[in-house]
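# A structural walkthrough
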Amino acid sequence: MSPPVRSVAVLSDVHGVLPVLEAVLAEPDVRAAELLVFTGDMAAGPQPVAVLDRLRGLGERAVLVRGNADRELVGLARGTLGADGAYPVDLWAARQLGPAHLALLGGLPHPVVREVAGFGPVVFCHGTPRDDEEVVLVDTRPAKWAEVFAELPEEVRTVVCGHTHMPFVRLVGGRLVVNAGSVGMPYGRPGGSWALLRAGQVSLRHTPVDVAAAIEEVVAGSAYPGARAWAETYVRGEVGDLEALAAFGPRDGRSGGDME
């Protein structure tokens with residue numbers, strides 16, 4: 001058995017935004033981390049190929065976990081998933097992917113477990129350990145959390161997820177739950193959100209960026225016809241956290257709402 005890794009930087013929901021990804025990767029604690037874990041939804045956005053090529057270039061130090069959008073891009077590209085209801089940027093991104101990119105996304109695991117010093121076995125997932133699209137939030141009711149974690153081994157005391165683009169850390173029945181937020185599509189404030197697990201401690205981090213410059217880089221680096229409008233909305237963080245919570249909330253068992 002491999003020894004536990006000493007530090008893990010967690011990046012989630014890059015959504016095909018290369019300049020913010022580069023800003024986070026340049027952070028000293030990210031560069032120093034023994035392991036980088038990307039908890040899903042890497043490519044569904046305006047720069048899918050550039051982002052996937054950058055992640056592939058990180059080598060074995062990077063662990064990629066499947067997100068629902070990664071799975072859906074493969075389905076759209078291979079024709080196993082219908083286009084009805086798909087986001088326009090996802091339809092476009094799926095057409096940009098070559099065989100190597102599709103093989104990468106199609107082979108991603110979910111969830112992934114790694115031994116981390118000070119934490120023991122940590123489950124890294126996208127939505128929840130059992131479902132890459134399931135929604136849990138900082139204020140999700142205890143009964144839902146109990147259902148979500150019912151099949152986890154008792155020794156798993158830390159779960160790290162993504163999917164909802166809003167960072168949080170909370171205890172749930174003695175388990176620590178971490179959401180790293182989003183690198184490329186933040187809800188609440190612009191810039192890249194990520195998390196660091198080191199020496200038994202979790203810290204939520206935020207990398208500020210020159211938003212106007214990042215938007216111009218996305219537009220210059222993308223052939224997506226709607227790249228500017230997409231970036232103005234999502235790179236700029238126009239979707240607020242309270243708005244996102246209101247939309248996502250019903251999907252954890254409350255009533256009404258829908259977001260990616």
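For the structure, check the block above.
Residues numbered from 1 in each chain as written. Predicted model: local features only at pLDDT ≥ 70, side-chain atom pairs only at ≥ 80, totals over all residues. Heavy atoms only, no water.

### A closer look at the pairing of strand E6 (residues 158-161)
By the alternation rule, side chains of E6 split into Thr158 and Val160 and Val159 and Cys161, which are all buried. Here three bridges tie strand E5 (residues 120-124) to E6, and the two strands are oriented parallel to one another. Counted as the bridge partner of Val123 is Val159 from E6. A crossover connection joins E5 to the parallel E6 through helix H7 (residues 142-148); in handedness this β-α-β unit is right-handed. With four bridges connecting them, E6 and strand E8 (residues 175-179) associate as parallel partners. Its bridge partner being in E8, Val159 is matched across the sheet by Val177. (Buried < 20%, exposed > 50% of the residue type's maximum accessible area, 1.4 Å probe, protein only. Helix = DSSP H or I, 4+ residues; strand = E, 2+ residues; numbered from the N terminus. Pairing = 2+ DSSP bridges. Right-handed = clockwise from strand over helix to strand, strands pointing away.)

### Notes on the nonpolar core
Counting 54 residues, the largest nonpolar core has Leu11, Leu21 and Phe38 as the members making the most contacts within it. Top element by residues in this core is helix H1 (residues 18-25). It accounts for five residues. With 18 residues, the next largest nonpolar core counts Val5, Val112, Val122 and Leu176 among its residues. (Core = buried A, V, L, I, M, F, W, Y, C linked by side-chain atoms within 4.5 Å.)

### Quick look at the sheet that holds strand E9 (residues 192-198)
In spatial order, the strands read E3-E2-E1-E9-E10; together these five strands make up an open sheet with mixed pairing. Taken across any chain shown, the strands that pair with only one partner, and hence form the sheet edges, are strand E3 (62-64) and strand E10 (201-207). The average undirected angle you get between the axes of adjacent strands in this sheet is 20°. Pairing of strand E2 (residues 35-38) with E3 involves three bridges; the strand directions are parallel. (Axes fitted to C-alpha atoms, helices over the stretch in contact; angles between N-to-C directions.)

### Topic: the layout of surface pockets
In this structure, the second largest pocket occupies an estimated 150 Å³ of space. Surrounding the second largest pocket, His165, Pro167, Ala180, Pro186, Tyr187, Gly188, Arg189, Ser193, Trp194, Leu204, Arg205 and His206 form its lining. At three residues, the largest contribution of residues to the lining of the second largest pocket is made by E10. Classifying every residue of the lining of the second largest pocket gives six nonpolar, four polar and two charged. (1 Å grid on protein atoms, 1.4 Å probe; cavity = no way out; pocket = protein on both sides within 12 Å on 5 of 7 lines; lining within 4 Å. Points joined across faces, edges and corners; volume = space filled by probe spheres on them. Nonpolar A, V, L, I, M, F, W, Y, C, P; charged D, E, K, R; others polar.)

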